[in-house]
Amino acid sequence: MTDDNHIIPLIRENTEKGFRLLMAKYKEPVYWHIRRLVVSHADAQDATQDTFLRIFRSFSQYSGEGSFKAWIFRIATNEALRLLGRNQGKATLSLDESPQVTLTMKADEYFDYGNTEAIKLQKAITALPAKQQLAFNLRYYDDLSYKEIAVVTGSTEATVKANYHFAKEKIIKYMNSNDT
Amino acid sequence: MEQNYDFSKIGKQMPYTVPDGFFDKLEENVMKECAPTKPRVIRMAIRAALAIAACIALFLVVKKVLPQGQDTASDDFENVELAFNNLSTDDQDYLLEVYQEELLLDNDLNDLNNEESI
């Protein structure tokens, strides 16, 4: 996998080549991150496309300090929240609000109904408040550090750790319950 | 209630899937949206259409001003000059501007053709 320290200067020298490398590395993680938040494939596709266009147009605003991965995931998260907000008739969704995504209702044809354990885990995750969802998803699926997650969510490392802990407790409780 | 759950049982599996070839198409769509050449070509096409319209307008003005049977090759230039002088200052400025843009456009198109041939 190409290192971000190689991608960043390449985008400055040769935008198209550098951006292709960026997409090769991040298109799947960004899509799956958004998909876990918005659930529907069509919504995730739109938000992912908007994310990369925004990255392309605002790349000059990336200072070069701090994690590039966190900067990308912050943009992706904002696009997902904007889309969820639009679906609720708002400009965007605040991290203090619940995304209110119901897994079964929003599921589409790109959904594996046979994988019951995975469905149950996603149900547990989507039932969490947005901050806890983000802390859990970014740590569990994307291997971001607490410091990077704090950049994505605009909070502190201590808050992220607490949110991750609460999220994990709730998920374990749900997974051990008889609910499906 | 048991307070443990073995996450390794499920790992990073998710119930979500994507259509075949989705990520390749996504990349192409984004790269297409980011391409800077498209708006430039559209701008040039609009300028070309304006330049052609201006040339037609100038031709019609010349034909109207000239008496029948007098448009011989020898005094064509004088007739164009006469027609041009009969135009308002605004129209004259507009035609001069379009004429200059047309010259620039020719250069742009030549540059573009050269770029494409490379």
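Reading guide: rules and limits
Residues numbered from 1 in each chain as written. Chains lettered and ligands numbered in written order. Predicted model: local features only at pLDDT ≥ 70, side-chain atom pairs only at ≥ 80, totals over all residues. Helix = DSSP H or I, 4+ residues; strand = E, 2+ residues; numbered from the N terminus. Buried ≥ 20, exposed ≤ 12 C-beta atoms within 10 Å, placed from the backbone. Rg over C-alpha atoms; globule rule 2.2 N^0.38 Å. Contact = placed C-beta atoms within 7 Å. Core = buried A, V, L, I, M, F, W, Y, C linked by C-beta atoms within 7 Å. Axes fitted to C-alpha atoms, helices over the stretch in contact; angles between N-to-C directions. Parallel < 35°, antiparallel > 145°, perpendicular 65-115°, else oblique. Nonpolar A, V, L, I, M, F, W, Y, C, P; charged D, E, K, R; others polar. pLDDT = per-residue confidence, 0-100. Left-handed = near helix turned anticlockwise from the far one by under 90°.

Colleague: Sorry, what's going on with the overall build of chain B here?
Modeller: Each helix and strand counted, chain B has four helices and zero strands in total. Listed by position from the N terminus, the elements making up chain B come as α-α-α-α. Scored against the burial criterion, the 118 residues of chain B give a buried share of 4%.

Colleague: Just checking my understanding: could you explain the overall build of chain A for this structure?
Modeller: Of regular secondary structure, chain A possesses nine helices and zero strands. Ordering the α and β elements of chain A from the N terminus gives α-α-α-α-α-α-α-α-α. Taken over the C-alpha trace, chain A has a radius of gyration of 17 Å; the compact-globule value for 180 residues is 16 Å, and the two agree within 12%. Seen through its C-alpha atoms, chain A measures out along the principal axes to roughly 55 × 40 × 35 Å. Residue burial in chain A is summarised as follows: out of 180 residues, 38% are buried. The long-range fraction of contacts in chain A, counting pairs at least 24 apart against all pairs at least 6 apart in sequence, stands at 62%.

Colleague: Would you mind showing me how to read the nonpolar core here?
Modeller: Nonpolar side chains in soluble globular proteins generally cluster together in the buried interior. If you look at the biggest cluster of nonpolar residues, it comprises 45 residues, and the most contacted ones within it are Ile34, Val38, Ile72, Ala80 and Ala135 of chain A. In this structure Ala135 of chain A touches Ile149, Val160, Asn163, Tyr164 and Ala167 of chain A, once residues within four positions along its chain are discounted.

Colleague: Honestly, unusual backbone geometry in this entry has me stumped. Any pointers?
Modeller: A negative phi angle characterises most non-glycine residues, just as the trans form characterises most peptide bonds. Residue and element names in this part refer to chain A. Non-glycine residue Val39 carries a positive phi angle of around 75°. Its place among the elements puts Val39 in the loop between helix 2 (15-38) and helix 3 (41-57). Take Val39: there are 24 C-beta atoms within 10 Å of it, and that puts it in the buried class. Residues other than glycine seldom take positive phi values, yet Asp143 does so here, at roughly 55°. With respect to the helices and strands, the residue Asp143 is situated in the loop between helix 7 (130-140) and helix 8 (146-153).

Colleague: Help me understand the packing of helix 7 of chain A against helix 9 (residues 157-176) of chain A, please; the structure alone is not making it clear to me.
Modeller: Two packed helices can be described by the angle between their axes and the distance between those axes. Residue and element names in this part refer to chain A. Interhelical geometry of helix 7 versus helix 9 gives an angle of 90° and a closest axis separation of 8 Å. With respect to helix 9, the axis of helix 7 lies roughly perpendicular. Contacts between helix 7 and helix 9 involve Lys131, Gln132, Gln133, Ala135, Phe136 and Arg139 from the former and Val160, Asn163, Tyr164, Phe166, Ala167, Lys168 and Ile171 from the latter. Residue composition of the contact of helix 7 with helix 9, grouped by class: seven nonpolar, three polar and three charged.

Colleague: What is the right way to read the interface of chain B and chain A from this model?
Modeller: Put simply, an interface is often sized by how much accessible area is lost when its parts join up. Of the residues lining the interface, 22 residues belong to chain B; the matching set on chain A comes to 26 residues. Tallied by class, residues from the side of chain B that touches chain A come to 13 nonpolar, five polar and four charged.

Colleague: Sorry, what's going on with the environment of Lys123 of chain A here?
Modeller: Along the chain, the position of Lys123 of chain A falls in helix 6 (residues 116-126). Sequence separation between Lys123 of chain A and Asp4 of chain A is 119 residues, and the spatial gap between their C-alpha atoms is 33 Å.

Colleague: Looking at this structure, I do not really get the environment of Asn4 of chain B. What am I missing?
Modeller: By the element assignment, Asn4 of chain B lies in the segment before helix 1 (22-34). Between the C-alpha atoms of Asn4 of chain B and Leu96 of chain B, which are 92 residues apart in sequence, the distance is 81 Å.

Colleague: Quick question: what am I supposed to make of the environment of Trp32 of chain A here?
Modeller: Tracing the sequence through the fold places Trp32 of chain A in helix 2. Put simply, Trp32 of chain A and Tyr141 of chain A are 109 residues apart on the chain and 9.1 Å apart in space, counted from C-alpha to C-alpha.

Colleague: Whenever I open this one, the confidence of the model for chain B confuses me. Can you help?
Modeller: The predicted structure's coordinates, where accompanied by low pLDDT, should not be read in detail. Confidence along chain B averages 73 in pLDDT terms, with 61% of residues attaining 70 or more. For this predicted complex, the interface confidence comes out at an ipTM of 0.88, alongside a pTM of 0.71.

Colleague: Is there a simple way to explain the packing of helix 2 of chain A against helix 4 (residues 68-87) of chain A in this structure?
Modeller: Residue and element names in this part refer to chain A. Following both chains from N to C, one finds helix 2 and helix 4 inclined at 35°, their axes separated by 10 Å at the closest point. Note that helix 2 runs across helix 4; the crossing there is right-handed. In this structure, helix 2 contributes Tyr26, Val30, His33, Ile34, Leu37 and Val38 to the contact, and helix 4 contributes Ile72, Phe73, Ala76, Glu79, Ala80, Leu83 and Leu84. Across the contact of helix 2 with helix 4, the residue classes tally to 11 nonpolar, one polar and one charged.

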